[in-house]
Amino acid sequence: MTMAKHIPAPPRAEAHPESRIVHGLVLRDDYGWLRASNWKDVLRDPTVLPAEIRSYLTAENRYSRALMAPTRELQKQLVKEFRGRIKEDDASVPQPDGPFLYYSRYRRGGEHPLICRKPRASAAGKAAREQVMLDADALAKGKDFFDLGDAAHSPDHKLLAWSADEAGSELHTIRVRDLASGSDLDDRIVDTTGEIIWARDARSFAYVRLDADHRPSRVYRHWLGSEQAKDELLHDEQDAGMFVDIDETQSGRFLLISISDHETSEIRIADLAEPEARPVTIAPREVGRQYSVDHHGEDFLILTNADGAEDFKIVTAPVADPAPRNWRDLIPHRAGRLILSHVCLKGRLIRLEREEGLPRIVIRDLASGTEGSIAFEEEAYGLGLDAGYEFETDTLRFIYASMARPAETYDYDMRSGERTLLKRQEVPSGHDPAAYRVRRIFATAKDGAKVPVSLLHRVDTPIDGSAPCLLYGYGSYGSAMSASFRTNPLSLVDRGFVYAIAHIRGGTDKGWRWYLDGKREKKTNTFTDFIAAAEMLADAGFTARGRIVAHGGSAGGMLMGAIANMAPEFFAGIVAEVPFVDVLNTILDDTLPLTPPEWPEWGDPIRDIKAFHTIRSYSPYDNVKPQAYPPILAMGGLTDPRVTYWEPAKWVARLRATMTGGGPVLLHTNMEAGHAGSAGRFDSLKEVALAYAFAIQAVEGGWPDAVMAAS
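Residues numbered from 1 in each chain as written. Predicted model: local features only at pLDDT ≥ 70, side-chain atom pairs only at ≥ 80, totals over all residues. Heavy atoms only, no water.

Asks: Which residues make up the overall build of the protein, and what values go with them?
Replies: On a plain count of helices and strands, the protein comes out with 14 helices and 40 strands. Computed over the C-alpha atoms, the radius of gyration of the protein is 26 Å, within 12% of the 27 Å expected from 2.2 N^0.38 for a compact globule of 711 residues. Seen through its principal axes, the protein has C-alpha atoms that stretch 70 × 55 × 55 Å. Counting only residues that meet the buried cut, the protein has 57% of its 711 residues in that class. (Helix = DSSP H or I, 4+ residues; strand = E, 2+ residues; numbered from the N terminus. Rg over C-alpha atoms; globule rule 2.2 N^0.38 Å. Buried < 20%, exposed > 50% of the residue type's maximum accessible area, 1.4 Å probe, protein only.)

What follows is the structure, given as structure tokens:
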């Protein structure tokens, strides 16, 4: 790979110093002007971004393209490889519901899904006739951005309520389609999260509306044929620190209104069979108590951490009076076994749990109390449940995959224990699992904790320190990183990379304590765990120091910013997607959509001086220092309401103004998308290709000294 002869100088963001005093300390920000004063309007209409800011972001994109120009053919090749592993006319396995089988599929070359159904039973010898209920490709035509949200058929199977985001700002509009005529009704519900829960009589549905600060805070009931202004308010959340979500029990009987932050929850229920039912609280919010609810017969089955059940337990409570005083243990707490989720099917309780980093499914007969489990023997794998639509069934669907083995979808007969393989993920360009090695090893953290690391490499990759490595990490909000099959990393692995996932603290990979030991005052464990994983990979010969490309997004992008400050010498490059790097300024600003609900995760630096100093000590933007940095690619989205576009923009500006060597530092902003990037399944591959081409170029040392010095 050769570099272009004429390398443009990187953009220089002007410094407009702003300062304020917080807890007696002066906080200075030279690049605060990159935050548009009308940023809320930009979420709805990107064209109103102030010209000065648009000019700067455009210049950064131009510079990024120029430096990555020598990889243009590589990027095209990567996209071709990614696309070659996607079955273009793929379809989901149909899920039964009453008289129909519901599924989604793609047409060859299509970016967006078709939402379909066909009769569950057809005449002998005749193929079931498909009905395309919604064609998202047609809906997206001519739009810069389109992302289908929910598509929920009504209980009587006559209507389809569907939602879409057309800016990337996660503001969804809900519409309702008459499935007999194929036309949408006049109903149009704006500014929603996109979720839809139908009442049993199919005359109304519940939805969540975002408020003026872009927070999901109000639940409404919409009656078909009425104006949105007349919708019935079911819940109005006054605490800006709580987010609101809706769901329904697997039985279909109850609407669930979930009110929660990262450590406290409250659930209100409403009977979906009662057209005008008002929500009733299961258990009032109590700081630190979390719970989720499903329903079986005359009982609720509740997954909770109440009474010190750190890794959660399952209790029963009578529907007639589900208050905590009536909770009775069904699945007692057992330390080290984290119960992740649960669902009720008639006569049975199914739970997904994780122990020692590996998942399993446990099926309990509610009458006899007997249990059986579904698990696998591989060193690292992913396992998921798909409960489907029906409650009265003996069939449970699950999905299994490992880092080398494509996803397999099974139906499990809970009476006989028989597994039926319904679908194996097809890789059209070809894939031989035997050509790859999956491993699970442990790094030793600074305090002696054992950090799991999942690895994928080709069996013929030399383990002598010569291989480059892409090391992925997240480590926040209790999110565990599944060791499941991902097709895109194969393009790196087939080029000799070791692909690694560090299951660092801040996630729940080793139980709830693993999460608690990576949040608030213990947040730096997340960063040092990642560095320990990099060190172990080098010491064990999987790679070498300076041959590792670090990769993370969102809160994982904060991880990237932190390790860039703490241990830049370890990394050949860093890819930070939608990176949460301006942590202190963001968590000090309670007008931003996510800030109040984030305080339980990071601490409240406004009211708690200790939390302020803790966040200030690691906030990547605030800790950029005069040192050499590895090459860095920061990627943002203009309409991102979660990690706002100015966070990576400010970070890149400060890096360039402060670093004493290394680089280059690139900023790529998707001017037509939000947090998740491009919505189309093929359009999004271009951004993955950019990140991977950057990683390949970084380990090949593809930037001349002149470029690195200029950055």
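Asks: Outline the pairing of strand E29 (residues 408-413), supporting the account with residue identities and numerical values.
Replies: Within E29, five of the six residues are buried, which leaves the element mostly enclosed by the surrounding structure. Pairing geometry for strand E28 (residues 395-402) and E29, over six bridges, is antiparallel. Pairing of Phe 398 across the sheet is with Tyr 410, part of E29. The hairpin formed by E28 and E29 contains five residues between the paired strands. Of the strand pairs in this sheet, E29 and strand E30 (residues 419-424) are connected by five bridges, and their pairing is antiparallel. (Pairing = 2+ DSSP bridges.)

Asks: Describe the pattern of salt bridges, naming the residues involved and giving the relevant values.
Replies: Any two side chains of opposite charge can pair if their charged atoms end up close together. This model, assessed by the stated rule, comprises 58 salt bridges. Put simply, Asp 321 and Arg 325 hold a salt bridge, and the shortest N to O gap is 2.9 Å. For Glu 353, the salt bridge identified is with Arg 351, shortest N-O distance 2.7 Å. Both residues of the pair, Glu 353 and Arg 351, belong to the buried class. If you follow the salt bridges from partner to partner, you end up with Arg 334, Arg 337, Arg 351, Glu 353, Glu 355, Arg 360, Arg 364 and Glu 371 in one network. (Salt bridge = Lys/Arg side-chain N within 4 Å of Asp/Glu carboxyl O.)

Asks: Before we move on, can you summarise the sheet that holds strand E21 (residues 313-318) with the specific residues and values?
Replies: One open sheet holds the four strands; their spatial order is E19-E20-E21-E22, and the pairing between them is antiparallel. The sheet terminates laterally at strand E19 (291-296) and strand E22 (328-331), the two strands that pair on one side only. The sheet shows a mean angle of 35 degrees between the axes of neighbouring strands, taken without regard to direction. (Axes fitted to C-alpha atoms, helices over the stretch in contact; angles between N-to-C directions.)

Asks: Please provide a residue-by-residue account of unusual backbone geometry, values included.
Replies: Looking along the chain, the bond that leaves Gly 663 and enters Pro 664 is cis, with omega of 5 degrees. The residue Pro 664 is located in the loop between strand E39 (661-662) and strand E40 (665-670) in this model. The phi torsion at Asp 307 lies on the positive side, around 60 degrees, for a residue other than glycine. In this structure, Asp 307 sits in the loop between strand E20 (299-304) and E21. Here the phi dihedral of Tyr 477 falls at roughly 60 degrees; this positive angle occurs in a residue that is not glycine. For Tyr 477, the location among the structural elements is in the loop between strand E33 (469-472) and helix H5 (490-493).

Asks: An account of the side chain of Ser 204 is requested, with residue identities and associated values reported.
Replies: Structurally, the position occupied by Ser 204 is in strand E12 (residues 204-210). A residue is classified by how much of its surface remains accessible, and Ser 204, at 1% relative accessible area, is buried. Each residue touching Ser 204, except ones within four places of it in the same chain, is listed here: Trp 198, Ala 199, Arg 221, His 222 and Trp 223. (Contact = heavy atoms within 4.5 Å.)

Asks: Can you explain the sheet that holds E28? Please cite residues and give values.
Replies: With respect to topology, four strands assemble into an open sheet ordered E27-E28-E29-E30, the strand pairing being antiparallel. With partners counted over all chains shown, the strands left at the sheet margins are strand E27 (381-386) and E30, one partner each. Geometrically, the sheet is characterised by an average inter-axis angle of 25 degrees between neighbouring strands, direction not taken into account. One ladder, built from six bridges, connects E27 with E28; its direction is antiparallel. Opposite Tyr 381, over in E28, you have Ser 402 as the bridge partner.

Asks: Lay out the packing of helix H3 (residues 72-84) against helix H13 (residues 683-700) with the relevant residues and their values.
Replies: Packing of H3 against H13 brings their axes to within 9 Å, and their N-to-C directions diverge by 125 degrees. Comparing the axis directions of H3 and H13 gives the class oblique. Taken as a pair, H3 and H13 cross one another with a handedness that is right-handed. Listed contacts from H13 to Leu 74, Gln 75, Leu 78, Val 79, Phe 82 and Arg 83 of H3 are Leu 685, Lys 686, Val 688, Ala 689, Leu 690, Tyr 692, Ala 693 and Ile 696. Partitioned by chemical class, the residues of the contact of H3 with H13 number 11 nonpolar, one polar and two charged. (Parallel < 35°, antiparallel > 145°, perpendicular 65-115°, else oblique. Left-handed = near helix turned anticlockwise from the far one by under 90°. Nonpolar A, V, L, I, M, F, W, Y, C, P; charged D, E, K, R; others polar.)

Asks: Outline the packing of helix H7 (residues 524-539) against helix H8 (residues 555-566), listing residues and values.
Replies: The contact between H7 and H8 brings their axes to 10 Å, and the two run at 70 degrees. The angle between the axes of H7 and H8 places the two elements in the roughly perpendicular class. Two packed elements cross with a definite hand, and for H7 against H8 that hand is right-handed. Residues Thr 526, Phe 527, Thr 528, Phe 530 and Ile 531 of H7 touch H8, and the partners they reach there are Met 558, Leu 559, Met 560, Ala 562, Ile 563 and Met 566.

Asks: Give me the nonpolar core: which residues, what numbers.
Replies: In this structure, Leu 57, Leu 471, Phe 530 and Leu 537 are the most contacted members of the largest nonpolar core, which totals 81 residues. Ignoring sequence-local partners within four residues, the contact set of Leu 471 consists of Ala 500, Ala 502, Phe 530, Ala 533, Ala 534, Leu 537, Ile 548, Val 549, Ala 550 and His 551. (Core = buried A, V, L, I, M, F, W, Y, C linked by side-chain atoms within 4.5 Å.)

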